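Secondary and tertiary structure notes
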Amino acid sequence: MYQRILIPIDGSSCSQLALQHGLELAQAIGAEVTLLHVLENPLTPSLVGWMGPGPLPYSYTLLQDLRQAAQAILAAAAQAAAQRAVAAKTVLIEEDFPATVIGQQAEAHDLVVMGTHGRRGIDRLFIGSITEGVLRHIHTPLLIVCPDQVSR
């Protein structure tokens, strides 16, 4: 049924739980996985505009650090897949709209497994939800792993 599973990861504890679930499922059914990290560049004009004109003096270093962190997150996830003997490839995409990228990548997959922070109320209003954005715009089945539900 599911041969290609997309697992978006960002290094958070929620995405780590989703990674564990996705890898367990892939191992059980013999599916391959794509481990996706979407790097939001904090220095793009749309995000920097509110901070004033021009790039920040440390902007290049910051972006390089974020890229290195993203590569480390993907490498650790790939290692976790290898330990379970799950075929995995890693994808790093730099884009300001993670939900859009995940939606585009989902088209080539049979299932998306991702975590959610489960924010409520005002936190959700101001922070938003990438998972909700993905849910509303894809046609691929989506397995959402919530931290509250894991401990039950």
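Chains are numbered independently. Their residues run from 1 in the order of the written sequence. Only residues with pLDDT of at least 70 get local features here, since the model is predicted, and only at 80 or more are side-chain atom pairs given and counted; chain-wide, interface and lining totals rely on the full set of residues. With hydrogens and water excluded, all non-hydrogen atoms of the structure serve as input to the side-chain values.

**Thoughts on the nonpolar core**
- Throughout, nonpolar core names a set of buried Ala, Val, Leu, Ile, Met, Phe, Trp, Tyr and Cys residues whose side chains join them through atoms within 4.5 Å. Throughout, exposure labels follow a simple rule: accessible area from a 1.4 Å probe, protein chains only, divided by the maximum for the residue type, with under 20% read as buried, over 50% as exposed, and the rest as partly exposed. Counting residues in hydrophobic clusters, the biggest one holds 19 residues, and the most contacted among them are Ile5, Ile7, Ile9, Val33 and Leu35.
- Counting from the N terminus, the helices are DSSP H or I runs at least four residues long and the strands are E runs at least two residues long. At the level of secondary structure, the elements contributing two or more residues to this core comprise β1 (4-8), α1 (13-29), β2 (32-39), α3 (59-83) and β4 (111-115).
- The leading source of residues in this core is α1, at 5 residues.
- Beyond its immediate chain neighbours, meaning those up to four positions away, Ile7 contacts Ala18, Leu19, Gly22, Leu23, Val33, Thr34, Leu35, Leu36 and Val113.
- If you look at the next biggest cluster of nonpolar residues, it comprises 11 residues, including Val38, Ile102, Met114 and Ile138. What makes two residues a contact is simply this: any of their non-hydrogen atoms within 4.5 Å.

**Examining the confidence of the model for the protein**
- Looking at any residue, its pLDDT shows the predictor's confidence there, from 0 to 100. Averaged over all residues, the pLDDT of the protein is 85; the fraction at 70 or higher stands at 78%.
- Below pLDDT 50 for its whole length, residues 123-127 participates in 4 contacts with residues either more than four positions away or in separate chains.

**Thoughts on the sheet that holds β1**
- Sheet architecture is open: 5 strands sit in the order β3-β2-β1-β4-β5, paired in parallel fashion. Only two strands of the sheet have a single partner each, and these edge strands are β3 (88-94) and β5 (142-145). Direction aside, neighbouring strands of the sheet carry axes that sit 20 degrees apart on average.
- As paired strands, β2 and β3 are joined by 7 bridges and run parallel to one another. Bridging across to β3, Leu39 finds its partner in Glu94.
- Each of β1, β2, β3 and β4 is contacted by helix α4 (residues 98-106), which is oriented at about 155 degrees to β2, the strand it contacts most. Strands were regarded as paired on the criterion that DSSP finds at least two bridges between them. Only the stretch in contact is used when a helix axis is fitted, and all axes are lines through C-alpha atoms; the angle between N-to-C directions ranges over 0 to 180 degrees.

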